[in-house]
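The chain contents come next:
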Amino acid sequence: MKIAIVGVGAIGGYVGTRLAHAGDEVTFIARGANLEALRTRGIRLIMADGSETAVARVRATDDYGEAGPQDLVVLAMKAHQVEAVATEVPKLFGPDTAVVPMQNGIPYWYFHRYPGEWAGTQVKSVDPHGLIGLHIPCERVVGCVVYPAAELVSPGVIKHVEGNRFPVGEPDGTQSERVARVAQCFVNGGMQAPVLDDIRAEIWLKLWGNLTFNPISALSRATLAGICQYPLSRTLAHAMMTEAQIVANKLGITFRVPLEKRIVGAERVGHHKTSMLQDVEAARTLEIDALLGSVIELARLTDTPTPHLDTVYALTKLLAKSLEDTKAPAT
């Protein structure tokens, strides 16, 4: 398949390397030091067990038009970065191009082909101006949940931490030829990609932890194990997850894992820094609206009170503002 990876950070690099190594025609859409590294040294993936996969020569460009129409487009940047590239992504489209967004949180396409009263509702937390939905039509989307953890060690070098599952599914739950083709492509690349008939439920299961542990870790500088093993923060996590579960239930979502077991699973990961804590330490923009702001938006939509979520959201947004305010002005 002809595949474009838009955003060559940790997850984009991980997926792109595995697909390129499997023989797919992968084009990396990157910029800056990352683009230079890909052009000069290729891409290298260091697995959790110490083994390495390298692709010495890769297609890499910052010109979407040069890349041209693809069979599959993987959007591997964070949710708040998608709008900035939305007008360029259509240059990668052919008549049947599928798009796999790999953002955490409630996706912009969440209410596309939604089987309920809120069908077609715009999720303003992740697509405030409607530009993403306008330029990257929901009709092209195959849903995906990203479970692996990885780090961009240096430009063109990715370190895999743990996990290998990328469940996929059509927004309407159908077992289409398109979703089967995407899943098989990922499997050929050595990834686990089960096709689910309710991808939204899987989105919520992953989000359940992210909306809780990411902001708590950003505010406290604690690891997953640190949060779960400290009684006060564990109690807060439980309260936040309870509120989120009520919102999800009102939207027809049933969690296949009990709440306490989800917390135990996070604790078992150990002293791992969440992506949001890593972003705080690197003074990067925080991915807070897709993870927590969107859930609060859906809470208001369903008339659900969320006092713990609201409080943590306010504090994390203030933290994000403080980080932005302390950045040196551009020269």
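All figures in this text were calculated on a predicted structure; none of them were measured in a lab.

Q: How would you sum up the packing of aromatic side chains? Please name residues and give values.
A: The final tally for this structure, using the stated rule, is 7 aromatic pairs. For the ring pair Y14 and F166, a centre distance of 6.2 Å and an interplane angle of 20 degrees mean the geometry is stacked. Of this pair, Y14 sits in helix α1 (residues 10–21) while F166 sits in the loop between β10 (157–162) and β11 (168–169); the two residues are 152 residues apart in sequence, bridging distant segments of the chain. Taking the relative accessible area as the measure of exposure, Y14 reaches 0% and is therefore buried. Its relative accessible area of 0% is what places F166 among the buried residues. Taken together through their ring pairs, the aromatic side chains of Y14, F166 and F186 make up a single cluster. A cation over an aromatic ring shows up here: R140 above the ring of F93, its NZ or CZ 4.2 Å from the ring centre. Just above the ring of Y110 sits the side chain of R200; from NZ or CZ to the centre is 5.4 Å.

Q: Explain the environment of Q192 residue by residue, including any values.
A: Tracing the backbone shows Q192 in the loop between α6 (177–188) and α7 (199–220). Using a relative accessible area of 44% as the deciding quantity, one classes Q192 as partly exposed. Between the alpha carbons of Q192 and A248 there is a distance of 26 Å; along the sequence they are 56 residues apart. Ignoring sequence-local partners within four residues, the contact set of Q192 consists of N164, R165, F166 and P167.

Q: Describe the sheet that holds strand β7 (residues 93–101), with residues and values.
A: Spatially, β5-β2-β1-β6-β7 is the arrangement adopted by the 5 strands of the open sheet, whose pairing is parallel. Every other strand in the sheet has two partners, leaving β5 (59–61) and β7 as the edge strands with one partner each. Pairs of neighbouring strands in the sheet enclose a mean axial angle of 25 degrees, with direction left out of account. Strand direction decides the pairing type here: strand β1 (residues 2–6) and strand β6 (residues 70–75), joined by 4 bridges, are parallel. Note that in β6 the partner of V6 across the bridge is L75. Strands β1 and β2 (25–29) of the sheet are contacted by α1, whose axis makes an angle of about 155 degrees with β2. Together, β1, β6 and β7 form the strand contacts of α6, whose direction differs from that of β7 by roughly 60 degrees.

What counts and what doesn't
Residues numbered from 1 in each chain as written. Predicted model: local features only at pLDDT ≥ 70, side-chain atom pairs only at ≥ 80, totals over all residues. Heavy atoms only, no water. Phe/Tyr/Trp six-rings, centres within 6.5 Å; stacked < 30°, edge-to-face > 60°. Helix = DSSP H or I, 4+ residues; strand = E, 2+ residues; numbered from the N terminus. Buried < 20%, exposed > 50% of the residue type's maximum accessible area, 1.4 Å probe, protein only. Lys NZ or Arg CZ within 6 Å of the ring centre and 35° of its normal. Contact = heavy atoms within 4.5 Å. Pairing = 2+ DSSP bridges. Axes fitted to C-alpha atoms, helices over the stretch in contact; angles between N-to-C directions.

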